[in-house]
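# Examining the three-dimensional arrangement
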Amino acid sequence: MTGILVAYLHFLGVAGLFAALAAELLLFRPDLALPEQRRLAVLDLAYGGIATLVLLTGIWRLFLTGKGTDFYFGNPVFHLMGALFLMAALLSLYPTRRFVARWRALRRGNGEPLAARVAARIRRILWVDLVLLAAAMFAAVLMARGIGLA
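Residues numbered from 1 in each chain as written. Predicted model: local features only at pLDDT ≥ 70, side-chain atom pairs only at ≥ 80, totals over all residues. Heavy atoms only, no water.

### Some remarks on the overall build of the chain
Tallying secondary structure elements over the chain gives six helices and zero strands in all. Its helices and strands taken in sequence order, the chain reads α-α-α-α-α-α from the N to the C terminus. Dimensions of the chain, computed from the C-alpha atoms along their principal axes, are close to 55 × 30 × 20 Å. The burial tally for the chain puts 37% of its 150 residues in the buried class. If you take every contact in the chain between residues at least 6 apart in sequence, the share linking residues at least 24 apart comes to 80%. (Helix = DSSP H or I, 4+ residues; strand = E, 2+ residues; numbered from the N terminus. Buried < 20%, exposed > 50% of the residue type's maximum accessible area, 1.4 Å probe, protein only. Contact = heavy atoms within 4.5 Å.)

Now the structure itself:
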C-alpha cells in the first residue's frame, strides 16, 4: 500500500509542477504591482516545493517501492529523464531569484518594472522549463514501459 501512496504523491506532484509553471506563465508580467509580485514569488516557491516532492517521491520509488534499482539504473532513458528534470530545476533558479528579488525591491518602495530583456529571458526560461518537464515525463513513460533496456 505504501508503494501506491508514494506513486500517487509522485504523479500528483508532477501534475502540480505543470499547474504551477502554467500559472507562473499566465501571471508573469514585467510591471506587476506588489500584491501580484508577491503572489508570483509565493507561486514560484511553491513550484520549488512541489519539485522537491517529485524528487523525494521519485527517490523513494527508486530505492524502496519501484521496480528495483537494476531496472532504473540499467536504463539510459532513466538517466535522460533525470537529466531533463535536473536541467529544468537548475534553469528555474534564475526566475526564482528574480521573482524574490523583485518582490523585496517592491516592498522597499522600488517600483521600477523589470528590464525588457530580463523579462523576455524569464519568459523564455519558463517556457523552456515547461518543455523540459514535458520531455522528462515522456521519458518516464518510455522508461516505465521498459524502453531503453537492453
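Once you've had a look at it, read on.
### Here we look at the packing of helix H5 (residues 93-107) against helix H6 (residues 116-144)
Think of two packed helices as two axes; the pair is described by the angle between the axes and how far apart they sit. Put simply, H5 and H6 touch, their axes get as near as 9 Å, and they point 135° apart. As the angle between them shows, H5 and H6 are arranged oblique. Considering how the two elements wind past one another, H5 and H6 form a crossing that is left-handed. Contacts between H5 and H6 pair Tyr94, Pro95, Arg98 and Phe99 from the former with Val118, Arg121, Ile122, Ile125 and Leu126 from the latter. Class assignment for the residues of the contact of H5 with H6 results in seven nonpolar, no polar and two charged. (Axes fitted to C-alpha atoms, helices over the stretch in contact; angles between N-to-C directions. Parallel < 35°, antiparallel > 145°, perpendicular 65-115°, else oblique. Left-handed = near helix turned anticlockwise from the far one by under 90°. Nonpolar A, V, L, I, M, F, W, Y, C, P; charged D, E, K, R; others polar.)

### With respect to the layout of surface pockets
Each pocket or cavity is described by its volume, and for the largest pocket that value is around 610 Å³. Lining of the largest pocket is provided by 22 residues; of these, His10, Gly58, Met81, Ala140 and Met143 occupy positions nearest its centre. Those elements that provide at least two residues to the lining of the largest pocket are helix H1 (2-27), helix H2 (34-65), helix H3 (69-73), helix H4 (76-91) and H6. With six residues, H2 is the largest single contributor of residues to the lining of the largest pocket. Class assignment for the residues of the lining of the largest pocket results in 16 nonpolar, three polar and three charged. Size it by volume and the second largest pocket reaches roughly 280 Å³. Lining the second largest pocket are 18 residues, with Gly48, Ala51, Ala89, Leu90 and Ser92 sitting closest to its centre. Of all the elements, H2 adds the most residues to the lining of the second largest pocket, at seven residues. (1 Å grid on protein atoms, 1.4 Å probe; cavity = no way out; pocket = protein on both sides within 12 Å on 5 of 7 lines; lining within 4 Å. Points joined across faces, edges and corners; volume = space filled by probe spheres on them.)

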